[in-house]
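Results of the structural survey
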Amino acid sequence: MSEEKVSRRKFLGAVGGLAAAAVIGWGLAGYFATLPPREVVKTVTKTVTQTQTVTKTVSATTTTTPATTTTFSTLTKHVDIEWGIWSWGVELCNDNARIFNENNPDITLHVTDLGGNYMTSLFSRYAAGDPPDIFYATPDIAYVVQYRKWAADIEDYFPESRKYLDDIYPGMREFFINPFTGKLHGLCYWAGPYVFAYNKRHLEEAGIGEPPKDYDEVAEQAKKIKEKGVCEYPIGALWSWGFPALWYQIMIGMHEPKPGTRYLFDEDLNPIFDDKGTPFFEAVKWFLERVHVDKTISPGVREYDESGITTALGSGTVTFVPNFPDYDIAGANVPELKESGNITMCLNPGSGYAVYHPCNYSISTKCMEKGRDNQIAVWRVMQFLGGKTTNARPDFEHGEYFVCNRLIRQYGVTSAYRPVMEDPQNKEVLRKLKIDPDLLLAQYEKLTSVLWRDPVLTPWWADWFSSPSSEAGGRVKPKFEEFLTGARSYSDEEILKFLKEIAEDWKRSKKEAGM
């Protein structure tokens, strides 16, 4: 069977647009992030008519708050709210806006498609002084708008918003906390783990009864699968925008992410990986041994973008993928692919912990500066899109995650919210997509934010490593690829030299940024 790529739009009804939303690199984001933070003068009233008992924790912790009862006052005027989106699910977004508008006659929510170059368009709107009121924020975008104070923390205006943390899986909560303020900055659009995906038929054919329990077993099983002639290069990886997650998956598999554990940088953002015996050294050595010694990883692994690795797994070209986006299991199991029905997942070998890919809704500070009516209106919109409602009106105590449920039921798009992921109807949807909900939820219970909090992103992080919101790679990737192309020889000494080179690169960027 020829390995013809199957796009995610085909196998998930266009869900593929999520990860590829912003196709530019970090350069523009890095430029904006290195500018001095703007001073924000809040001339707004932060109170609304409400009855509440709130315990407010202003720190970097993810302490949740007791449930509150909130009654929103009537708006004094009609408010227009602009929702900036990328070019995926435009028809669905417009339909969601229609539902909201029909149930909220005092607000008009309208959708603006910012296009495929989402990050470019969003930051251009900010540069022009006219950002959308509410918009999507992947981790790199969230960092810039938080650092620049371009986005408001919703908790500043509605302290009861912090109660949503109760519904978010513990391992994901940290992402929704602004690292500069310790406050909840927004609600969830979508989120899901990178999973260790594998072909169960390949294991059975090689006489292997269980998926690997640690990365030593991954190596051993891959060798056995190769020796049995089942698959020539059993280990694959999502390269492109999955490059940083690959290394964190291996590192945290080998070294459990206990509280306070740092893998690449210390609290002052100094490199701590450029020595033998560090988690990064061990991960690189493990990977290169599979390439050069066992020959269970093809040097061509660097060619795998998301649709490529999904097709490779689904067609039987590879057996294991350590950093596979959870929703892509459905794509690897489409009927068009040879291994349909054979692709599943297990906990990340070793510690069992995994990293994840998130996106939140952010609100522009400029929207909040327009006054109380806009604050109430955009908060009502955010709760409709990423929170609990009844008839499109806020209802944390008795409502449902209407839009989040719609996303998973129509497109298999997963969520950070436990009530969404554990809803029986949603679990059945996952089964129909050939994603085992019990296996997936087991991974949800063992997640860590270390990919985004090691200890924090920086203005140059993605320029250095790789942008999590685009296909563009950072400077580390081409240097590492020298090991794959033969431009750099494989040895402990060369690995150490590589780590010291990229550490010096990081230090230069840090100095140039004045941090």
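Our subject in this report is the structure included herewith. Treat the numbers as computed from the prediction; the structure is a model and nothing was measured. Starting afresh in each chain, residues are numbered from 1 along the sequence in its written order. Side-chain atom pairs in this predicted model are given and counted only at pLDDT of 80 or more, local residue features only at pLDDT of at least 70, and totals for whole chains, interfaces and linings cover all residues. Working from all heavy atoms in the structure, the side-chain values ignore hydrogens and water.

Right, let's get into the overall build of the protein chain. Looking only at helices and strands, one finds 21 helices and ten strands in the protein chain. Taking all contacts inside the protein chain whose residues are at least 6 apart in sequence as the whole, residues at least 24 apart take part in 74%. Put simply, the protein chain shows about 18300 Å² of open surface, and 48% of that area lies on carbon and sulfur atoms. Numbering of helices and strands runs from the N terminus, with a helix taken as a DSSP run of H or I at least four residues long and a strand as a DSSP run of E at least two residues long. Residue contacts are defined here by distance: any two heavy atoms, one from each residue, within 4.5 Å place the two residues in contact. Here the open area of atoms and residues is found with the Shrake-Rupley method and a 1.4 Å probe, where only the protein chains shown may cover a residue.

Here Gly350 shows up in the loop between β7 (343-346) and β8 (356-364). Think of it in three bands: residues with accessible area under 20% of the maximum for their type are buried, residues over 50% are exposed, and the middle band is partly exposed, with areas taken using a 1.4 Å probe on protein chains only. The exposure class assigned to Gly350 is partly exposed, which follows from its relative accessible area of 39%. Separated by 132 residues in the primary sequence, Gly350 and Val218 have C-alpha atoms spaced 9.9 Å apart. Excluding its chain neighbours within four sequence positions, the residues that come into contact with Gly350 are Lys213, Asp214 and Gly253.

To count as a disulfide, a pair of cysteine sulfur atoms needs to be within 2.5 Å. The full count for this structure, using the stated rule, is zero disulfides. Counting only cysteine sulfurs, Cys404 is the nearest neighbor of Cys188, a cysteine outside any disulfide, at a range of 5.7 Å. There is no disulfide at Cys359, and the cysteine sulfur nearest it, in Cys188, is 8.0 Å away. Given a relative accessible area of 0%, Cys359 falls into the buried group.

What follows concerns the pattern of salt bridges. When a carboxyl oxygen of Asp or Glu lies within 4 Å of a side-chain nitrogen of Lys or Arg, that pair is called a salt bridge. Following the criterion strictly, the structure yields 29 salt bridges and no others. Ionic pairing is found between Glu267 and Arg262, a salt bridge with its closest N-O pair at 2.8 Å. Here Arg262 falls in the partly exposed class, since its relative accessible area comes to 26%. Each of Lys285, Glu289, Arg290, Asp294 and Asp492 takes part in one network of salt bridges that share partners.

For a regular strand, the rule is simple: side chains alternate between the two faces of the sheet. β8 sits mainly inside the fold: nine of its nine residues count as buried. Residues of β8 alternate between two faces, with Tyr356, Pro358, Asn360, Ser362 and Ser364 on one and His357, Cys359, Tyr361 and Ile363 on the opposite face, all of them buried. In this structure, strand β3 (residues 134-137) lies alongside β8, joined through four bridges in antiparallel fashion. Residue pairing across strands places Ala137 opposite Asn360, the latter belonging to β8. Each pair of strands is called paired provided DSSP finds at least two bridges between the two strands.

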